[in-house]
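# Architecture and fold: a report
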Amino acid sequence: MSFAPSFSSFPSFDSFPDSRPSQIPKLQTEEKSKKKKKTKARNSKDKESKREGRSAQFKDTFDASSRAKAEEPTEFYFSDRTGDSGNIQYGKLSSSSIPKYFVVGRGRIILGLSPIITAFSRRSQSLKLLSIPPQRRLTADSKSTKYQERDGFLLLGQGRRSRTGDPSYRAITQEDNSDSDSDSVVSIFSSSEDERTLSAHEETLRGLEQQLSADPSSITNWLRLLSQTLSTTSVATQEARKARSKITIPLLSRALAAHPANSTSPLLRIKYLRAIEDVWSESQCDSEWEDALKLGNIDMWMEWLEWRISKSTDGLDGVIDAALRILSSLDDSEDSEVGKLRVFWRIAIVFKQAGYHERATAMFQAQAEFVFANPQALNGVPLEIRLAAFEEFWDSEVPRIGELHSKGWSHWVSHKQERNPLTVVTSSVTPTSTELDPYRQWAEYETRADCAGQLPARTIDDNIDSDPYSTILFVDIRPFLFDLRTQRSKNVFRLAWLSTLGLHIPGFSASLSSSGDSRDDRWSYIHLTKPAFLDAILPTAGAQNVSLTADALAGALVGRQKVYKQSFGPIKNWSLGSFHLFDPVYGTTGMWNTLDIADVDAAFVSRVFSSLRLGPEDTDWDSLSLAFETALSVKSALKLSRSFLASDRDSLPRWAAHAQLERIRGKSDEARKVYQTVLIASAKPIPRPCEGHLWSDWADMEWLAGQEEDALSVICRAARVEGQGSLAVLRTRRALNEFGKDCTSWREREAWIKLGALLVILTSHNIQNALSIFDAQLNEIRPRDTAHESLTMTCLMFIYRYGSVLKNPVPPSILRERVLQSMAYYPHNSVILALFLEVEKGQGVWGRIRGTLGDNSENLKDVARRVQEVWIAGWESGRWEAEIERTRIGLSGAVEHERTRGCSQIWIIYIEFEIRAKQYKQAKNLFYQAIGQCPRYLYLLAFGSLRGVFDGRELDALAETMAERDIRMRKGLDEVLEEWEPEKQKNDEPVNNNEDDEIEYNAKELRRLRPY
């Protein structure tokens, strides 16, 4: 039986006298003398002196520890307060006296992690550990007592297992520690689980899960949970897209089963169905779509139509059958009529993108004649009878709506005796080209034919035999015609036709969705692919985009001033009705400018405006007509405005538009006469409807012209207050508040709010007081509403004009903070994004701007926002080439993201971007990725801009693919190649079945390939 050794007979260190270098215990001295004898033959005198120095240092350490009795020690380290004297003698450390350090736990313990976590191999897992996101976060715990300060210092003697007693030695005694190991392991696991700090991402997920546990029917929280879950994954590649879909499917499956109301949510259903397309087979997806279509939601039908278009294998016939199924399933309600118009519009875009421009125009012409020119005798007649009567009018081939000398179906019925219709002149394209390559010649001919052949031809035309698709028979459009009864559906039809003609109306497609998450912008923004827009968004090919940042003057570098483009760029996007048509934000011509009307048949559009009026009270449609004419010519717009006023002289909206046109022309005096005549000469005690707009425009004109006294006088007259002074100002402010409260229209109320803010800024010159008026009204409106967005834009433009336009002293932080706050609510608003660029001008760091670009967050950017980010890359002169890679990442994420996937406009911009960057091989790879879901224009790129990376055999295969997919070719490619046989022999490998000519052919090939 063994006993534990006892050292109780040893004297304690407390009994030693005060330590001096000469007082060393006898035992220790004898041991060291023996060691000196053993090593005397091997070591030199210098090493012996160093060893003596170390022994002295060791004795000083023990002496120092004996003097530190009052301090609470720790067993993990000791304090070395006496340095090595050899450092002073020799001036550096000695290689033999450097202390050795050993890695704790032989390298298995990771500093900063729990002791239970060990590393078995640091070399192979180092890169993986670096790529793992942080799992801990340093947070300040106000209740923690682990580190307490005393007189400004932290107590170092707070060890976890500190020992109260003499610290100069460790007692070697036997204790019963049979269960110590297991207890310590359990305590470590429990403390690790309790004390583990979750990351910000995990905390957000846990918070959302708790909210969903309390309310599983919250669609917003489910979408936030999905967005937060996918925020750590990339969307740059197709493999990443499949990974995101695999994450989305189980989460949304749980969401759909969590509550009965969730299964009827169009948003959840659409996201779920879009996710399974990347993982499941087509038959399984078809079954899921059939279950979802039972809901009868039009947004669901539109997404199903997009899926059918992308998966169609039988050309246009399959797409037409899918559209006719949707039209037959909808009833005759107002929402259903709007839904039918969305399908009608989508099919017209399909025809237009496939090259059948005449058929798309004929669809809108027939529907317009059928609705807006219906004869009085056929009112109330069943639809089939009316269609039979309309077929007779269509087959007569008289001029239709939009064409020259068109009078309409109703006039034709009342004048049937006129059997000699006017001849409709259709433009033809002569096959002349300066290109030498036959493929380029064919692509140029087809492009010019697309621009010229917009109107359907007649059977009596001369070129009907060469191009039979240019003539549209009634049987080609009859299945798509239906009746429109409500005012809203008729207005939607008119705006859809303008959009198809290339005249973009911001926010229109988004206003048609019933669920508030419209995705029609993926196919409706056809204006983005016009050559003029592509040149405005992307820098021209061959342009010098690198500029010097500094100049040398007398040997010193002088930085150049940064040059920026106009912040209000070519992209326009906001909610429908939230922007004033004649507000000079995007130039002096209002909402549309010369870029918006480029490549648009102005004469045809003007005739459409005049033919689709619903009467003299159709002021909104007439305002759009005036805005279009203003972009063409201000004089013609004023002439048209006078014609409107001649028929309705009491219309205040028409007078407001006419005064704005005078301001745009630069005739402020003429505009002032209009305001004085309408507002002062015919004033009434109570404001009339739409009167606030005229007062606001008048005061704004005087304010921006620098006439503050005149602007203040106009505001007082608007409030029916006479006199001057502080009392008159108070009465004016109270009257403006009362007028604003009595308004039923939010547009009218916004005008009175703006007058009140302008009154405050003119009297106090304090921007904060003026902004308080806007804030009080914004708090009463629900965020993300059209009225809230409109008032937000008005407030931001008010600050911008006061500080930047009028050059008044305003802290930049005021506008910057409000712009950043507004971008959180309206990230897709182009006006707010332009103001964001304005506040970032001159900043040395592009941090905030870079934060808005690319695919750095799951914020569901729409098509307009993606394209505007491409334009922002070249906003500052000389930075485009530096931002190429960032722009490329953003576009690659856009084509793979679930929100903008399948958008042909983004694919075309992406390919054009690579062409402008001179990455032709990359553009070719993108071409093959996008060829399945892009229009005819994309195919022509291979024959035109990308001709250098495509050989003849590949182009011939593309022509065959176009024929298989019912993509129109006005002139056969083989006809062009037959006229240029030498180039075909050079590009194509000839097929010679004659064995006698094989040797001759091989000899020619060898001579051609020399010296390679």
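### Some points on the overall build of the protein chain
Scanning the protein chain from terminus to terminus reveals 44 helices and 4 strands. Within the span of the protein chain, comprising 1012 residues, buried residues form 44% of the whole. Here the contacts in the protein chain between residues at least 6 apart in sequence split such that 66% fall between residues at least 24 apart. Accessible surface, the protein chain as shown: approximately 55,700 Å² in total, 52% of it carbon and sulfur.

### Here we look at the packing of aromatic side chains
Each aromatic ring pair is characterised by the separation of its centres together with the angle its planes make. This structure, assessed with the given rule, holds 44 aromatic pairs. Aromatic side chains Phe344 and Phe364 sit 5.1 Å apart centroid to centroid with 85° between the ring planes, which places their arrangement in the edge-to-face category. Residue Phe344 is found in helix α13 (residues 334-353), and its partner Phe364 is found in helix α14 (residues 357-372); the two are separated by 20 residues along the sequence. We note that Phe344, like Phe364, is buried. Plain terms: the ring middles of Phe370 and Phe390 are 5.8 Å apart, the flat faces sit at 75° to each other, and that makes the pair edge-to-face.

### So, the side chain of Thr471
Tracing the backbone shows Thr471 in the loop between α17 (438-452) and α18 (474-477). Apart from residues no more than four positions distant in its own chain, Thr471 is found in contact with Ala457, Arg458, Thr459, Ile464 and Asp476.

### Thoughts on the confidence of the model for the protein chain
Of the residues in the protein chain, 74% reach a pLDDT of 70 or more, and the chain-wide mean stands at 80. Taken element by element, the protein chain is modelled with least confidence in helix α5 (residues 180-195), mean pLDDT 42, and with most confidence in helix α19 (residues 487-500), mean pLDDT 95. Per-residue pLDDT stays below 50 along residues 1-28; that stretch engages in 16 contacts with residues further than four places along the chain or on separate chains.

### Let's talk about the nonpolar core
With 238 residues, the main nonpolar core has Trp497 and Phe943 as its most contacted residues. Trp497 has contacts with Phe364, Gln365, Ala368, Ile401, Phe604, Val608 and Leu612, leaving out every residue within four places of it along the chain.

### Some details on unusual backbone geometry
Even without being a glycine, Cys690 presents a positive backbone phi close to 75°. You can see Cys690 is positioned in the loop between α26 (668-681) and α27 (691-704). Given the relative accessible area of 17%, Cys690 is considered buried. Backbone geometry at Lys918 places phi at a positive 65°, although glycine is not the residue there. For Lys918, the location among the structural elements is in the loop between α38 (904-916) and α39 (920-930).

### Things to note about the environment of Ser511
With respect to the helices, strands and loops of the structure, Ser511 is situated in the loop between α19 and α20 (521-524). Look at Ser511 and you get partly exposed, because its relative accessible area is 33%. With 66 residues separating them along the chain, Ser511 and Gly577 place their C-alpha atoms 9.8 Å apart. Setting aside residues no more than four positions away along its own chain, Ser511 makes contact with Arg488 and Leu576. Here Phe508 takes part through its backbone oxygen, which lies 2.6 Å from a polar atom of the side chain of Ser511.

### Some details on the pattern of salt bridges
What the rule picks out here adds up to 52 salt bridges. Residue Arg801 pairs with Asp583 through a salt bridge whose shortest N-O separation is 2.8 Å. Here Arg801, found in helix α32 (residues 786-805), pairs with Asp583, found in the loop between β4 (556-559) and α22 (602-611); they are 218 residues apart in sequence, far enough to count as distant. Here Arg801 and Asp583 have matching classes, each one buried. Lys841 is the salt-bridge partner of Glu838, the closest N and O atoms lying 3.3 Å from each other. Note on Lys841: relative accessible area 31%, which makes it partly exposed. Among the ionic contacts, a cluster of salt bridges with common partners joins Glu358, Asp450, Asp467, Arg968 and Arg970.

### Description of the environment of Ser772
Position of Ser772 relative to the elements: it lies in helix α31 (residues 767-778). The class of Ser772 is partly exposed, set by a relative accessible area of 36%. Through-space distance from the C-alpha of Ser772 to that of Val760 is 9.9 Å; in sequence the pair is 12 residues apart.

### Some words on α14
End to end, α14 covers 22 Å across 16 residues, agreeing with the expected 22 Å (1.5 Å per residue, within 8%). Buried residues dominate α14, accounting for 16 of its 16 residues.

### Section: the packing of α38 against helix α40 (residues 936-943)
Here α38 crosses α40 at 20°, and the two axes come no closer than 10 Å. One finds that α38 runs roughly parallel with respect to α40. Every pair of crossing elements has a handedness; the one defined by α38 and α40 is left-handed. Residues Ile908, Ile911 and Glu912 of α38 lie in contact with α40, whose contacting residues are Tyr937, Leu938 and Leu941. Taken together, the residues of the contact of α38 with α40 break down into 5 nonpolar, no polar and 1 charged.

### Here's the deal with the packing of α22 against helix α23 (residues 619-632)
The contact between α22 and α23 brings their axes to 10 Å, and the two run at 160°. Between α22 and α23, the crossing angle belongs to the class labelled roughly antiparallel. With respect to the hand of their crossing, α22 and α23 are arranged in left-handed fashion. Residues Ala602, Val605, Ser606, Val608 and Phe609 of α22 pack against Trp621, Leu624, Ser625, Phe628, Glu629 and Leu632 of α23. Here the residues of the contact of α22 with α23 are counted per class, giving 8 nonpolar, 2 polar and 1 charged.

### Digging into the side chain of Asn297
Take Asn297: it is sitting in the loop between α10 (282-293) and α11 (298-311). Accessibility expressed as a relative area gives 18% for Asn297, which makes it buried. At 2.8 Å, the side chain of Asn297 and the backbone nitrogen of Asp299 are in polar contact. Not counting residues up to four positions away in its chain, the partners in contact with Asn297 are Pro266 and Ser514.

What counts and how
In every chain, residue numbers begin from 1 and rise along the written sequence. Per-residue local features of the predicted model are confined to residues with pLDDT of at least 70, and side-chain atom pairs are confined, for both listing and counting, to 80 or more; whole-chain, interface and lining totals are unaffected and use all residues. Only hydrogens and water are removed before side-chain values are computed, so all heavy atoms of the structure are retained for them. By the criteria applied, helices consist of DSSP H or I runs no shorter than four residues and strands consist of E runs no shorter than two, each listed in order from the N terminus. Only protein chains enter the accessibility calculation, which uses a 1.4 Å probe. A residue is then buried if its area is under 20% of the maximum for its type, exposed if over 50%, and partly exposed in between. A contact between two residues is defined here by any heavy atoms of the two lying within 4.5 Å. Note that accessible areas follow from Shrake-Rupley with a 1.4 Å probe, and for residues the cover is restricted to the protein chains shown. Classification of ring pairs uses Phe, Tyr and Trp, with its six-membered ring standing for Trp, and accepts pairs whose centres are within 6.5 Å; under 30 degrees between planes counts as stacked, over 60 as edge-to-face, and the remaining range as tilted. The pLDDT score gives, residue by residue, the confidence of the prediction method on a 0 to 100 scale. Each nonpolar core is a collection of buried residues, namely Ala, Val, Leu, Ile, Met, Phe, Trp, Tyr and Cys, held together in the definition by side-chain atoms within 4.5 Å. Think of a polar contact as two N or O atoms within 3.5 Å of one another; within protein, one of them needs to be a possible hydrogen donor and the other a possible acceptor, and neighboring residues in sequence only count if both atoms come from side chains. What makes a salt bridge here is a side-chain nitrogen of Lys or Arg within 4 Å of a carboxyl oxygen of Asp or Glu, nothing more. One less than the residue count of a helix, multiplied by 1.5 Å, gives the span that helix is expected to have. Note on definitions: angles span 0 to 180 degrees between N-to-C directions of axes, and those axes are lines fitted to C-alpha atoms, for helices only across the stretch in contact. Angles are sorted into four bins: roughly parallel if under 35 degrees, roughly antiparallel if over 145, roughly perpendicular if 65 to 115, and oblique for all others. Note on convention: near helix rotated counterclockwise from far helix by under a right angle means a left-handed crossing. Clockwise means right-handed. By the convention adopted, Pro, Cys, Tyr, Trp, Phe, Met, Ile, Leu, Val and Ala count as nonpolar, Lys, Arg, Asp and Glu as charged, and the other residues, Gly among them, as polar.

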